[in-house]
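Understanding the architecture of this molecule
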Amino acid sequence: MTRANFILALIALTVLCVSSLAQEDTAGYWLNIGNESREMAINETQNQTAREIFLQEAHEAYDKAIEIDPQSASAWFKKGELQIDFLGNYEEALNAFNKSIQINPQFADAWYQKGKTLTAFGNFEEALESYNKSLEINPNSSDAWYWKAGVLAELSRHEEAIPAYDKAIELNPIQASYWLDRGGALNELGQRDEANVSFTKAAELYNNAIELNPKNVMAWQGKGTALYHLGKYNESIQYFDKVIELAPMYYRSYHYKGRALQDLGREAEAEELFARSKELGGI
């Protein structure tokens, strides 16, 4: 290499280093780092320690992005999303979503996630306001319609919940949970035949999910729940047993299996399962 080429190469390397260091001083850089770490945590299903490290890295990266740019609505949103979806700190999540909305009042997803956080707190009226605001900005969010329907059902406003479930299904007709919860709302209104149509559709969609991934705990639980509501108690128990095999700490499987046994007149067995559900923090 000639002296001139060496000098040019050295200058180019210096420029790259300076550019890299400058990039690290931007909120966007740390936001991307946080997103990458979060994605690695999602994909890490075998090593819990590694998963926790990735989540901590994501948390620190989002905080760094906010430190550099406190007016980044996206950074506040991502911080809140990480808290509610993975770290379970709902107060911190709510604060983050409020910050995001304060910066960008038209951030539909921030309103939606604020609604989910308020739902977790049991503040259903406030949650409903957040879902309505989210849908005002983005009326094509099937998840926002679904969660709105859910809080309407929690408020015993089942007649209003049904159209919201219908809208969610219109936007995403293959989401099994929409059909399952729609069936529950219809049951509350005494519309048993129409409810059974929803439960049957839910069971079909959950079965498709199980075929795609036999270790999908929520699909096994969902199909078992749909079968339970269809009065197929013995069959539903087989699905709850599979959930217990795959996720022995998931309390809902014990609770629903107990209900199925209770409806079959097996009270003693049912009581044992209800007790186990409570031990695991359930109902």
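Below or above, wherever it landed, is the structure these notes cover. Along every chain, residues carry numbers that run from 1 in the direction the sequence is written. Given that this is a predicted model, residues contribute local features only at a pLDDT of at least 70 and side-chain atom pairs are listed and counted only at 80 or more, while totals for whole chains, interfaces and linings are drawn from all residues. Only hydrogens and water are set aside; all other atoms, that is, all heavy atoms of the structure, feed into the side-chain values.

**Description of the pattern of salt bridges**
For this document, the term salt bridge refers to a Lys or Arg side-chain nitrogen within 4 Å of an Asp or Glu carboxyl oxygen. Applying the stated rule across the entire model yields 15 salt bridges. The salt bridge involving Lys201 is made with Glu204; its shortest N-O contact spans 3.5 Å. Note that Lys201 and Glu204 are positioned in helix H11 (residues 192-212) at a spacing of three residues, about one turn of the helix. Three labels apply to residues, based on accessible area from a 1.4 Å probe with only protein chains included: buried if under 20% of the type maximum, exposed if over 50%, partly exposed otherwise in between. What makes Lys201 partly exposed here is its relative accessible area of 27%. For Glu204, a relative accessible area of 42% puts it in the partly exposed group. Overlapping salt bridges bring together Arg38, Lys78 and Glu81 as one network. In this description a helix means any DSSP run of H or I spanning at least four residues, a strand means any run of E spanning at least two, and both kinds are numbered starting from the N terminus.

**Comments concerning the environment of Ala149**
Summarising the element assignment, Ala149 is placed in helix H8 (residues 142-154). Taking relative accessible area as the criterion, Ala149 reaches 0% and is therefore assigned buried. For Ala149 and Tyr131, which are 18 residues apart along the polypeptide, the C-alpha to C-alpha distance reads 9.6 Å. Should any heavy atoms of two residues lie within 4.5 Å, those residues are counted as being in contact. Excluding residues within four positions of it along the chain, Ala149 makes contact with Ala161, Ala164 and Tyr165.

**Section: helix H3 (residues 48-68)**
Between the first and last C-alpha of H3 there are 30 Å, a value that for 21 residues agrees with the 30 Å anticipated at 1.5 Å per step. Those residues of H3 lying buried are Ala50, Phe54, Leu55, Ala58, His59, Ala61, Tyr62, Ala65 and Ile66. Those residues of H3 hidden inside the fold are in contact with helix H2 (27-43), helix H4 (73-87) and helix H5 (90-103). Helix span, expected: 1.5 Å multiplied by one less than the number of residues in the helix.

**Side note on the side chain of His158**
Mapped onto the elements, His158 comes out in helix H9 (residues 158-171). Other than its neighbours up to four places away in sequence, His158 contacts Leu152, Ala153, Ala185, Glu188 and Leu189.

**A word on unusual backbone geometry**
Positioned with a positive phi, Ser156 is a non-glycine residue whose angle comes to about 60°. By secondary structure assignment, the location of Ser156 is in the loop between H8 and H9. By relative accessible area, which is 56% here, Ser156 ends up exposed.

**Quick notes on the packing of H2 against H4**
To obtain an axis, a line is fitted to C-alpha atoms, over the contacting stretch when the element is a helix, and the angle between two such axes runs from 0 to 180 degrees between their N-to-C directions. Interhelical geometry of H2 versus H4 gives an angle of 20° and a closest axis separation of 11 Å. Compared by their axis directions, H2 and H4 come out roughly parallel. Between H2 and H4 lies a crossing whose hand is left-handed. Contacts between H2 and H4 involve Leu31, Asn35, Arg38 and Ile42 on the former and, on the latter, Ser74, Ala75, Lys78, Glu81, Leu82, Asp85 and Phe86. Looking at side-chain class alone, the contact of H2 with H4 contains five nonpolar, two polar and four charged residues. By definition in this entry, angles of less than 35 degrees are roughly parallel, angles greater than 145 are roughly antiparallel, angles of 65 to 115 are roughly perpendicular, and the rest are oblique. By the definition used in this description, the sense in which the near helix is turned from the far one sets the handedness, with an anticlockwise turn below a right angle giving left-handed and a clockwise turn giving right-handed. Classes in brief: Ala, Val, Leu, Ile, Met, Phe, Trp, Tyr, Cys and Pro nonpolar; Asp, Glu, Lys and Arg charged; the others, Gly included, polar.

**Some remarks on the packing of aromatic side chains**
What counts as a ring pair is set by centres within 6.5 Å for rings of Phe, Tyr and Trp (its six-membered ring), and what kind of pair is set by the plane angle: stacked under 30 degrees, edge-to-face over 60, tilted for all other angles. Throughout the structure, instances matching the rule amount to 13 aromatic pairs. Taking the centre distance of 6.4 Å and the plane angle of 45° together, the rings of Tyr112 and Tyr131 count as tilted. With Tyr112 in helix H6 (residues 108-121) and Tyr131 in helix H7 (residues 124-137), the pair connects residues that are 19 residues apart, well separated along the chain. With 5.8 Å between their ring centres and 80° between their planes, Tyr228 and Tyr256 make a pair best called edge-to-face. Separated by 28 residues along the polypeptide, Tyr228 in helix H12 (residues 217-229) and Tyr256 in helix H14 (residues 251-263) bring together distant segments of the chain. Relative accessible area serves as the criterion here: at 9%, Tyr228 is assigned to the buried category.

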